[in-house]
Amino acid sequence: MWKCPKCGRTFQKAHQDHYCGEPPKSIAEYIERQPEHTRPYLRQVNEAIRAALPEAAEKISWSMPTYWKKRNLIQFAAFQKHIGLYPGPQAVEAFRDRLTGYKTSKGAIQFPYEKALPLELIGEIAGWCEKESDGS
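Residues numbered from 1 in each chain as written. Predicted model: local features only at pLDDT ≥ 70, side-chain atom pairs only at ≥ 80, totals over all residues. Heavy atoms only, no water.

(A) Here's a closer look at the side chain of Glu130. Mapping Glu130 onto the fold places it in helix α4 (residues 119-134). There is a polar contact of 2.9 Å between the side chain of Glu130 and the side chain of Lys69. Apart from residues lying up to four places away in sequence, Glu130 is in contact with Ala52, Leu53, Lys69 and Leu73. (Helix = DSSP H or I, 4+ residues; strand = E, 2+ residues; numbered from the N terminus. Polar contact = N/O pair within 3.5 Å; in protein donor to acceptor, adjacent residues only side chain to side chain. Contact = heavy atoms within 4.5 Å.)

(B) Main features of the sheet that holds strand β4 (residues 64-68). As summarised here, the arrangement of the six strands in space is β3-β4-β5-β6-β8-β7, forming an open sheet in which the pairing is antiparallel. In this open sheet, the two edge strands, each paired with only one partner strand, are β3 (57-61) and β7 (103-105). The mean angle between the axes of side-by-side strands here comes to 20°, regardless of whether they run parallel or antiparallel. Strand contacts of helix α2 (residues 39-52): β3, β4, β5 (72-78) and β6 (82-86), with the helix running at about 170° to β5, the strand carrying the most contacts. (Pairing = 2+ DSSP bridges. Axes fitted to C-alpha atoms, helices over the stretch in contact; angles between N-to-C directions.)

(C) The arrangement of the nonpolar core in detail. One finds Ile49, Leu85 and Ile125 to be the most contacted residues of the largest nonpolar core, which totals 33 residues. For this core, the secondary structure elements donating two or more residues are α1 (27-33), α2, β4, β5, β6, α3 (89-94), β8 (108-112) and α4. Apart from residues lying up to four places away in sequence, Leu85 is in contact with Val45, Ile49, Ile74, Gln75, Phe76, Gly107, Ala108, Ile109, Phe111, Ile122 and Ile125. (Core = buried A, V, L, I, M, F, W, Y, C linked by side-chain atoms within 4.5 Å. Buried < 20%, exposed > 50% of the residue type's maximum accessible area, 1.4 Å probe, protein only.)

(D) Region of the structure containing unusual backbone geometry. With a phi angle near 55°, Trp62 is a residue other than glycine that sits in the positive phi range. By secondary structure assignment, the location of Trp62 is in the loop between β3 and β4. Judged by relative accessible area, Trp62 falls into the exposed class, the value being 76%. Even without being glycine, Lys70 reaches a positive phi, approximately 70°. We classify Lys70 as exposed; its relative accessible area is 70%.

Shown next as structure tokens:
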């Protein structure tokens, strides 16, 4: 177990990413709390998702920016070396052949800061998540 020296919370993983204190109340607040070098990436990802999901509600869930429409559709978060996108395992599988240059795991995709963000692909994934959620 690892205990955060700032907030005192304990985690299974050492140096677990988390919020000390009150979680952000909006996606804009989440982005502003991140290190300066990550903010442009987060803004770009947020805009790509917002453009693809104009009717989805924006909220914070599990301390991450989330787009919601009857359920969580897609989430994203900043990490030390990458932006994590969380569209769910079916989306990762559906887009597997277009994600070959990125690290993926069950339900997650990592977009490293040293590569250009595939914003069109991120928008397509977000749209796919909404379509699958609607059962269309």
